[in-house]
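# Geometric and topological summary
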Amino acid sequence: MSGPEGRRPAESPSCPLLGLPDDQLSRFSYPSVGHRCRADDSPRAIDLGHQAAFCLTAMYPECPRYRAAAVSRRPGAATPATAEASGVALERARADAGGPGTPGEPGRRPPTRTSRWRRVVAIGIGIAVVAGVVYFASPAIADWMQQMGAGASAASPSPSTPPPATPAPTLATPAPTPTPAATPQVHVVVRGETLIAIAARYGVTAAALKKANGITGAGLIYVGQHLVIPPR
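This one's a predicted model, so the numbers in the text were calculated from it and none came from an experiment.

Turning to the packing of helix α6 (residues 195-202) against helix α7 (residues 206-213), a few remarks are in order. Relative to each other, α6 and α7 sit at 105 degrees, their axes nearing to 8 Å. Considering the angle they form, α6 stands roughly perpendicular to α7. In this structure, α6 contributes Leu195, Ile196, Ile198 and Ala199 to the contact, and α7 contributes Ala206, Leu209 and Lys210.

With that settled, consider the sheet that holds strand β2 (residues 18-19). The antiparallel open sheet is built from 3 strands, whose spatial order is β2-β4-β5. Edge positions in the sheet fall to β2 and β5 (44-45), since each has one partner strand and no second. Where strand β4 (residues 36-37) meets β5, 2 bridges bridge the pair, whose relative direction is antiparallel. By the bridge assignment, Cys37 is partnered in β5 with Arg44.

The next thing to look at is the pattern of salt bridges. Evaluation of the coordinates by the stated rule reveals 3 salt bridges. Linking Glu62 and Arg67 is a salt bridge whose minimum nitrogen-to-oxygen distance equals 2.4 Å. Looking at Glu62, the relative accessible area reads 27%, which means it is partly exposed.

To continue, consider the pairing of strand β7 (residues 226-229). Residues Leu227 and Ile229 of β7 are buried on one face, while the alternating residues His226 and Val228, pointing to the opposite face, are not. Inspection of the sheet shows strand β6 (residues 185-188) paired to β7 by 4 bridges, in the antiparallel sense. Bridge pairing in β7 links His187 to Leu227.

As a further point, take the confidence of the model for the protein. On average, residues of the protein score 74 in pLDDT, and 66% of them reach the 70 mark or higher. By mean pLDDT, the top-scoring element of the protein is β4 (92), and the lowest-scoring one is helix α3 (residues 80-97) (47). Below pLDDT 50 for its whole length, residues 74-90 participates in 20 contacts with residues either more than four positions away or in separate chains. Low pLDDT, under 50, characterises residues 97-108; the predicted model gives this stretch 13 contacts beyond four residues in sequence or across chains.

Time to look at the environment of Ile215. With respect to the element layout, Ile215 can be found in the loop between α7 and β7. For the pair Ile215 and Leu227, spaced 12 residues apart in sequence, the C-alpha separation works out to 9.9 Å. Dropping the residues within four chain positions of it, Ile215 is found in contact with Leu195, Lys210, Leu220, Ile221, Gln225 and Leu227.

If you look at the biggest cluster of nonpolar residues, it comprises 15 residues, and the most contacted ones within it are Cys15, Leu17, Leu18, Ala39, Ile46, Phe54 and Tyr66. Of all elements in the fold, only α1 (48-55) and α2 (64-72) reach the threshold of two or more residues within this core. For this core, the element with the highest residue contribution is α1, accounting for 3 residues. Formed by 11 residues, the second largest nonpolar core is a distinct cluster that contains Leu195, Ala199, Tyr202 and Leu227.

This paragraph deals with the packing of aromatic side chains. This structure, assessed with the given rule, holds 2 aromatic pairs. Aromatic pair Phe28 and Tyr30: ring centres 5.4 Å apart, planes at 20 degrees, arrangement stacked. Overall, the relative accessible area of 11% leaves Phe28 in the buried class. Its relative accessible area of 41% is what places Tyr30 among the partly exposed residues. Each ring, one from Tyr60 and one from Tyr66, has its centre 5.3 Å from the other, and the planes form 80 degrees; the classification is edge-to-face. With respect to class, Tyr60 is no different from Tyr66; both count as buried.

With that out of the way, let us pick up a nonpolar patch on the surface. On the surface, Trp117, Val120, Val121, Ile125, Val129 and Val133 cluster together into a nonpolar patch covering about 610 Å² of accessible area. Note on placement: Val120 falls in helix α4 (residues 113-136).

The subject of this paragraph is α2. Taken together, the buried positions of α2 are occupied by Tyr66, Ala69 and Ala70. End-on, the buried residues of α2 take up no more than an arc of 100 degrees, which puts them together on one face. Looking at α2, the residues exposed on the side facing more than 90 degrees away from the buried face are Pro64 and Val71.

What counts as what
- Residues numbered from 1 in each chain as written.
- Predicted model: local features only at pLDDT ≥ 70, side-chain atom pairs only at ≥ 80, totals over all residues.
- Heavy atoms only, no water.
- Axes fitted to C-alpha atoms, helices over the stretch in contact; angles between N-to-C directions.
- Helix = DSSP H or I, 4+ residues; strand = E, 2+ residues; numbered from the N terminus.
- Parallel < 35°, antiparallel > 145°, perpendicular 65-115°, else oblique.
- Contact = heavy atoms within 4.5 Å.
- Pairing = 2+ DSSP bridges.
- Salt bridge = Lys/Arg side-chain N within 4 Å of Asp/Glu carboxyl O.
- Buried < 20%, exposed > 50% of the residue type's maximum accessible area, 1.4 Å probe, protein only.
- pLDDT = per-residue confidence, 0-100.
- Core = buried A, V, L, I, M, F, W, Y, C linked by side-chain atoms within 4.5 Å.
- Phe/Tyr/Trp six-rings, centres within 6.5 Å; stacked < 30°, edge-to-face > 60°.
- Patch = residues over 30% accessible without salt bridge, like charges linked within 9 Å, V, L, I, M, F, W, Y side chains within 5 Å.
- Areas by Shrake-Rupley, 256 points an atom, 1.4 Å probe, with all protein chains shown as cover.
- Arc of directions from axis to C-beta.

Here's what the structure looks like:
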């Protein structure tokens, strides 16, 4: 039962060596400057932080003063049996808190193997992502990728642009073969022939014969002269 002003009897899990100047078997339920430690021959004041970490918790068996008093077995100090019981209470308190911890902190369970592997995998993925970003952000890699993209675009024609149509072969029309001109007939004048007689022989007029040979005037001809006979 708690006493006046928040006092309570010296019971576990508080340190049995902690008490008040006028009542060594009672103490406050919170750190107080009125508390006295009876680990030595004469009770003395104790730091408030030390009270919160050891004296008013199940960790009091870990207190250096408590251990020294238990070893020396001075009057008022805890006996070995009390220390052993306190150790059992400490182990139970640690088990209830979820595992070993530091004074003033709740216990923490050790990480399992699965948790460690997950942490390793997450770290590895993070490193890989950072390395990939750094690699592809390099100017040389960026230039290389840009050149590869430009080369691929130049090599493959755009699907929207149809290839040029192949022109149909044109059949060349053969040029007409010119008809060879007929070889003009030539008559050699002999003695006694006249222009009129030669024209009558070839069936042409005397005027046409004169024109074909450039004869003017009376139409005189001479022996051995070559006369071109015009076509009829």
